[in-house]
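Descriptive analysis of the structure
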Amino acid sequence: MARLISLVIGAGFVFVLALALFFTAKDAIQSPAAATAEHEFHEHPRDAHLSSAGLLGKFDRAQLQRGLKVFQEVCAACHSLKYVSFRDFEHLGYSEGQVKALANAWPIEQPSVNPDTGEAATRKNVASDRVPSPYPNEVAARAANNNALPPDLSLMAKARHDGANYVYSLLTGYRAQPAALLKEFPDAKTPAGLHYNPYFPNLNLAMPAPLTSDGQVTYDDGTKPTLDQMAKDVSAFLAWTAEPNLESRHAAGVAAVIFLVIFIFLTWGAYQNVWRNVKH
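What counts and what doesn't
Residues numbered from 1 in each chain as written. Predicted model: local features only at pLDDT ≥ 70, side-chain atom pairs only at ≥ 80, totals over all residues. Heavy atoms only, no water. Helix = DSSP H or I, 4+ residues; strand = E, 2+ residues; numbered from the N terminus. Rg over C-alpha atoms; globule rule 2.2 N^0.38 Å. Buried < 20%, exposed > 50% of the residue type's maximum accessible area, 1.4 Å probe, protein only. Contact = heavy atoms within 4.5 Å. Lys, Arg positive; Asp, Glu negative; His and termini not counted. Charge placed at Lys NZ, Arg CZ, Asp CG, Glu CD. 1 Å grid on protein atoms, 1.4 Å probe; cavity = no way out; pocket = protein on both sides within 12 Å on 5 of 7 lines; lining within 4 Å. Points joined across faces, edges and corners; volume = space filled by probe spheres on them. Salt bridge = Lys/Arg side-chain N within 4 Å of Asp/Glu carboxyl O. Pairing = 2+ DSSP bridges. Core = buried A, V, L, I, M, F, W, Y, C linked by side-chain atoms within 4.5 Å. Disulfide = S-S within 2.5 Å. Polar contact = N/O pair within 3.5 Å; in protein donor to acceptor, adjacent residues only side chain to side chain. Axes fitted to C-alpha atoms, helices over the stretch in contact; angles between N-to-C directions. Parallel < 35°, antiparallel > 145°, perpendicular 65-115°, else oblique. Nonpolar A, V, L, I, M, F, W, Y, C, P; charged D, E, K, R; others polar.

For the rest of this paragraph, the subject is the overall build of the protein. A tally of regular secondary structure across the protein gives ten helices and six strands. In terms of overall dimensions, the protein is more spread out than a globule: its C-alpha atoms have a radius of gyration of 27 Å, far above the 19 Å expected for 280 residues. Its C-alpha atoms put the protein at 85 × 70 × 45 Å along the principal axes. Residues counted as buried form 32% of the 280 residues belonging to the protein. When contacts within the protein are restricted to residue pairs at least 6 apart in sequence, those whose partners lie at least 24 apart make up 67%. In the protein, which carries 24 positive and 26 negative side-chain charges, the distance between the mean positions of the two groups comes to 9 Å.

In structure tokens, the structure reads:
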């Protein structure tokens, strides 16, 4: 009897759940959600064609060095790389001495304390330091950016869908709000203090365009610093900061696939040898 009651109760739950799913689906079909400006005008990231993309991608060290320079001269004024140490830049092809010089010349110094007075002070960066934030705390960061908090960019290429392509598209995507958007959604006008960018999820972001013109950064290797090139280079650099072991991971994956292929053939050969005289 108890089993019968439990079956009836279970069937009741299933029936109620089925009704809920049915009416939810029916309502979604008959009364779909109203279109929004974010849904209609948001664009998917464009392909930056970086050498690190794909299953066998590898970093272009020259491009990473150019991207580091763009970050140093443009992005470091607002953003930090708190998970990256200056000595990590040796993996980009710099010598130990070059890394020390780079850390010493970094535009943002490390927070410190004056040993004589005990007051807050700053000091030059050393190779073991993490790349510092330009702001002492969140309150100061918001105060300097119209209450918007500039995010740390260490893992940005992993934290956003389509990573480096998203960064590249965002940096090159600033434009005037299209007339078609305002015609269809009159209330969606970009608020004062924000900037329209179709690659940002809600179309409007507080950060003004950081890359504004060709030649904003001068490259040491002679590469022409067009706006598009600078955006690609810093996107490649942020792809590296987010996953510096990408190349070794790809190499391990290739080695694992080769091992599995060889193992499959060895297993098949062993099977054929062991069972060669047995009818099966």
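The next point concerns the side chain of Asp233. As for its position among the elements, Asp233 is in helix H9 (residues 227–242). Setting aside residues up to four positions removed in sequence, Asp233 forms contacts with Gln63, Arg66, Gly67 and Tyr219.

Before going further, it helps to spend a moment on the layout of surface pockets. Its volume calculated, the largest pocket comes out at about 690 Å³. For the largest pocket, the lining is made up of 27 residues, of which His79, Pro150, Pro151, Leu205 and Met207 are closest to its centre. Of all the secondary structure elements, the ones that give two or more residues to the lining of the largest pocket are helix H7 (163–171) and H9. When residues of the lining of the largest pocket are assigned to their parent elements, the largest contribution, four residues, is made by H7.

For the coordinates displayed, the defined rule picks out 13 salt bridges. Residue Glu73 is joined to Lys69 by a salt bridge in which the shortest nitrogen-to-oxygen separation is 3.9 Å. With Glu73 and Lys69 both in helix H3 (residues 61–73), this residue pair falls four residues apart, about one helical turn. Glu73 gets classed as partly exposed once you look at its relative accessible area, which sits at 44%. Since its relative accessible area comes to 17%, Lys69 is described here as buried. The partner of Asp220 in a salt bridge is Lys69, and the shortest N-O contact between them spans 3.0 Å. Here Asp220 is found in the loop between strand S6 (204–205) and H9, whereas its partner Lys69 is found in helix H3, with 151 residues between them in sequence. Overall, the relative accessible area of 73% leaves Asp220 in the exposed class. Through salt bridges with shared partners, one network takes in Arg66, Asp221 and Asp233.

All right, on to the pairing of strand S2 (residues 110–113) then. Of the pairings in the sheet, the one linking S2 to strand S3 (residues 120–123) comprises four bridges and is antiparallel in character. Within the sheet, the bridge partner assigned to Pro111 lies in S3 and is Thr122. Joining the antiparallel neighbours S2 and S3 is a turn of six residues, in which Gly118 adopts a positive phi near 80°.

Right, let's talk about the nonpolar core for a bit. In terms of nonpolar packing, the biggest core is built from 45 residues, with Phe71, Phe89, Trp106 and Phe237 touching the most fellow members. Elements that contribute at least two residues to this core include exactly H3, strand S1 (81–85), helix H4 (96–105), H7 and H9. In terms of residues, this core owes the most to one element, H9, which gives nine residues. By size, the runner-up hydrophobic cluster in this structure holds six residues, among which are Ala37, Phe41, Phe185 and Leu203.

Turning our attention to the state of the cysteines. By the definition in use, this model includes zero disulfides. Note on Cys75: no disulfide assigned, nearest cysteine sulfur contributed by Cys78 at a separation of 8.8 Å. For Cys75, a relative accessible area of 12% puts it in the buried group.

Quick look at the side chain of Ser169 now. Tracing the backbone through its elements, the reader meets Ser169 in helix H7. In terms of polar contacts, Ser169 uses its side chain to reach the backbone amide nitrogen of Arg46, at 2.6 Å. Residues within four places of Ser169 in sequence aside, it is in contact with Pro45, Arg46 and Tyr199.

Contact geometry for H3 and H9: axes closest at 7 Å, N-to-C directions at 100°. By the angle between their axes, H3 is roughly perpendicular relative to H9. Of H9, the residues touching H3 (which contributes Gln63, Leu64, Arg66, Gly67, Leu68, Val70 and Phe71) are Gln229, Met230, Lys232, Asp233, Val234, Ala236, Phe237 and Trp240. Considered class by class, the residues forming the contact of H3 with H9 number nine nonpolar, three polar and three charged.

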